[in-house]
Amino acid sequence: MPASPQRNDAPAAPPAAPLRVLSFDVEEYFHIEAAHAAVPRTDWDRWPSRVEASVDLLLGICDRQGLRATFFVLGDVARRCPRLVPRIAAGGHEIASHGNLHDRLHRLDPAAFAGDLDVSRKLLEDQSGQPVRGYRAPTFSVVPATAWAIDVLLDAGFAYDSSIFPVRHPAYGVPAAPDRPFLVNRAPGSRTLLEIPPLTLALPTLGASSKRRHLGVAGGGYFRLLPEMLMTRGLAQAAQQGRPAVLYFHPWEFDPGIPRMPLPLLGRVRTYTGLESAAARLEKLIARHRDARWAPMAELLPELTRQARARPVFHLQAEAPIATVHAAGEPTQA
Ligand SMILES: [Zn+2]
């Protein structure tokens, strides 16, 4: 009896280590959106700079844990602290752009955004001696209303964006967007850009017609304000589903000494909760996940582009993006 051609006696390949990216949005505490009204730009010089010590603390965590990260640096920080970007780059980390003056894209138009990108990128490339390939918008403000930003990023030569958060949130989020790397364009037929979204946890849907529910568990306030078990569960789910897990943090989140700004109550809670324990918690979290493959985004671009190309292109400006990306009966919501 002939052997079955399907039979395969070769040992199964070991499962690949989960892919994870640690990223930081490097800004001062007074740059945050919650302080936009309370600390206007004209007052920034009156508030003490705190960012360098916090970044040094984060570089120490990366060194001890033996991993390299992606630092999305704000142009204004690079200008105020000209020794900071060279220090980060010297550690083998990727320098990417968080824009110049931390304007949500809603406050810019395409020409102003192009200028903002150009200023920050030139500064970061001069200081780091490395090409800047990635961008993350302040407050994840690449959303359908600012879909023009995709074309501006492409015109500027950026290789990837990490600003579309596939969650429901009052200030940002594109709930219909994929929860893993994908190609995005402004509208059908437009040029595409690689998008690398932050980590979300898919929650069970409540019925056949219910909406897809994704909880942001990637870091920031989610890390400081929600039970850590949710992020741990998100990391495990991403590994199981073969999704890379992108985490993000801000240096000021690790500095309990940042001055108290006159913020509204909700802004105060979101900004000042959990700062004392954040550094120890982050280091423990990474130490528990040392088996993963941690790498800066720029080093993963061929792999992530391959993954993204296997999925439908996501049309950010389209009226019904869900119908394109998630065929299985989700409601239209952009
Ligand atoms: Zn920011």
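Residues numbered from 1 in each chain as written. Predicted model: local features only at pLDDT ≥ 70, side-chain atom pairs only at ≥ 80, totals over all residues. Heavy atoms only, no water.

## Description of the nonpolar core
- Judged by nonpolar contacts, the single largest core of 75 residues is most densely connected at Leu22, Phe24, Val73, Phe113 and Leu282.
- The element best represented in this core is helix α1 (residues 51-65), accounting for six residues.
- Residues contacting leucine 282, with those up to four places away along its chain left out, are Leu22, Phe24, Leu58, Ile61, Phe223, Phe249 and Phe254.
- In this structure, Phe72, Leu183, Ala295 and Met297 belong to the second largest nonpolar core, which totals 15 residues. (Core = buried A, V, L, I, M, F, W, Y, C linked by side-chain atoms within 4.5 Å. Buried < 20%, exposed > 50% of the residue type's maximum accessible area, 1.4 Å probe, protein only. Helix = DSSP H or I, 4+ residues; strand = E, 2+ residues; numbered from the N terminus. Contact = heavy atoms within 4.5 Å.)

## Things to note about the coordination of the zinc ion
- Within the protein, Glu27 (OE), His98 (NE2) and His102 (NE2) serve as the donor atoms for the zinc ion, at 2.0 to 2.1 Å.
- In the primary sequence, the donor residues of the zinc ion line up as E-x70-H-x3-H. Note that glutamate 27 is positioned in the loop between β1 (19-26) and α1 and histidine 102 in the loop between β3 (94-97) and α4 (110-128), a separation of 75 residues in sequence. We note that glutamate 27, like histidine 102, is buried. (Donors = N, O, S within 2.8 Å, 3.2 Å for Na, K, Ca; no water.)

## Observations concerning the environment of asparagine 100
- Relative to the elements of secondary structure, asparagine 100 occurs in the loop between β3 and α4.
- Overall, the relative accessible area of 9% leaves asparagine 100 in the buried class.
- On a C-alpha basis, the gap between asparagine 100 and glycine 75 in space is 4.1 Å, while along the polypeptide they are 25 residues apart.
- Reaching out from asparagine 100, the side chain makes a polar contact with the side chain of arginine 79 at a distance of 3.0 Å. (Polar contact = N/O pair within 3.5 Å; in protein donor to acceptor, adjacent residues only side chain to side chain.)

## As for the pairing of strand β10 (residues 245-249)
- With five of its five residues buried, β10 lies for the most part within the structure.
- Of the two faces of β10, both are covered, the one formed by Ala245, Leu247 and Phe249 as well as the one formed by Val246 and Tyr248.
- In this sheet, β10 lies alongside β1 in parallel orientation, the contact comprising five bridges. Residue pairing in the sheet places phenylalanine 24 in a bridge with phenylalanine 249 of β10. (Pairing = 2+ DSSP bridges.)

## Here's the deal with the pattern of salt bridges
- A complete count under the given rule lists 24 salt bridges for this structure.
- Salt-bridge contacts for aspartate 255 lead to arginine 50; the nearest nitrogen and oxygen are separated by 2.8 Å. One end of the pair, aspartate 255, is in the loop between β10 and α8 (265-272); the other, arginine 50, is in the loop between β1 and α1, with 205 residues separating them in the sequence.
- You can call aspartate 255 buried: its relative accessible area is 9%.
- A residue is classified by how much of its surface remains accessible, and arginine 50, at 32% relative accessible area, is partly exposed.
- Note that arginine 191 and aspartate 151 form a salt bridge whose closest N and O atoms lie 3.8 Å from each other. (Salt bridge = Lys/Arg side-chain N within 4 Å of Asp/Glu carboxyl O.)

## Re the packing of α1 against helix α9 (residues 275-288)
- Taken N-terminus to C-terminus, the directions of α1 and α9 make an angle of 25 degrees; their axes are 10 Å apart at the nearest point. When the interaxial angle is binned, α1 and α9 end up roughly parallel. In this structure, α1 crosses over α9, and the sense of that crossing is right-handed. Between α1 and α9, the contacting residues are Leu57, Leu58, Ile61, Arg64 and Gln65 on the first element and Ala279, Leu282, Glu283, Ile286 and Ala287 on the second.
- Of the residues belonging to the contact of α1 with α9, the class tally is seven nonpolar, one polar and two charged. (Axes fitted to C-alpha atoms, helices over the stretch in contact; angles between N-to-C directions. Parallel < 35°, antiparallel > 145°, perpendicular 65-115°, else oblique. Left-handed = near helix turned anticlockwise from the far one by under 90°. Nonpolar A, V, L, I, M, F, W, Y, C, P; charged D, E, K, R; others polar.)

## Side note on the confidence of the model for the chain
- Per-residue pLDDT for the chain averages 90, and the proportion of residues at 70 or more is 90%.
- Here residues 1-7 is modelled with pLDDT under 50, and outside its nearest four sequence neighbours on either side it reaches zero contacts, counting other chains as well.
- Confidence drops under a pLDDT of 50 for residues 319-334, and excluding neighbours within four residues, the segment shows 32 contacts in the predicted structure. (pLDDT = per-residue confidence, 0-100.)

## Things to note about the packing of α4 against helix α5 (residues 148-155)
- Packing of α4 against α5 brings their axes to within 10 Å, and their N-to-C directions diverge by 40 degrees. The pairing of α4 with α5 is recorded here as oblique in orientation. The handedness of the crossing between α4 and α5 comes out as right-handed. Facing α4, whose interface residues are Pro110, Phe113, Ala114 and Leu117, α5 presents Trp148, Ala149, Val152 and Leu153.

## Some remarks on the pairing of strand β9 (residues 213-216)
- Of the two faces of β9, the one holding His214 and Gly216 is buried and the one holding Arg213 and Leu215 is not buried anywhere.
- Relative to β9, strand β8 (residues 200-203) runs antiparallel, the two being bridged by four bridges. Note on β9: the bridge partner recorded for alanine 202 is histidine 214.

## Structural notes on the side chain of aspartate 116
- Examined against the element boundaries, aspartate 116 turns out to sit in helix α4.
- No salt bridge is formed by the buried aspartate 116. Its closest oppositely charged neighbour is arginine 41, at 7.0 Å.
- At a separation of 2.9 Å, a polar atom in the side chain of aspartate 116 contacts the main-chain amide nitrogen of asparagine 100.
- If near-sequence neighbours (up to four positions away) are discounted, aspartate 116 is found in contact with Gly99, Asn100, Leu101 and Leu108. (Lys, Arg positive; Asp, Glu negative; His and termini not counted.)

## Some words on unusual backbone geometry
- Located in the positive-phi region is histidine 102, a residue other than glycine, with phi close to 60 degrees.
- Of the residues examined, histidine 102 reaches a relative accessible area of 5% and is grouped as buried.
- A positive phi is found at threonine 139, a non-glycine position, where the angle reads about 50 degrees.
- Topologically, threonine 139 is positioned in the loop between β4 (134-135) and α5.

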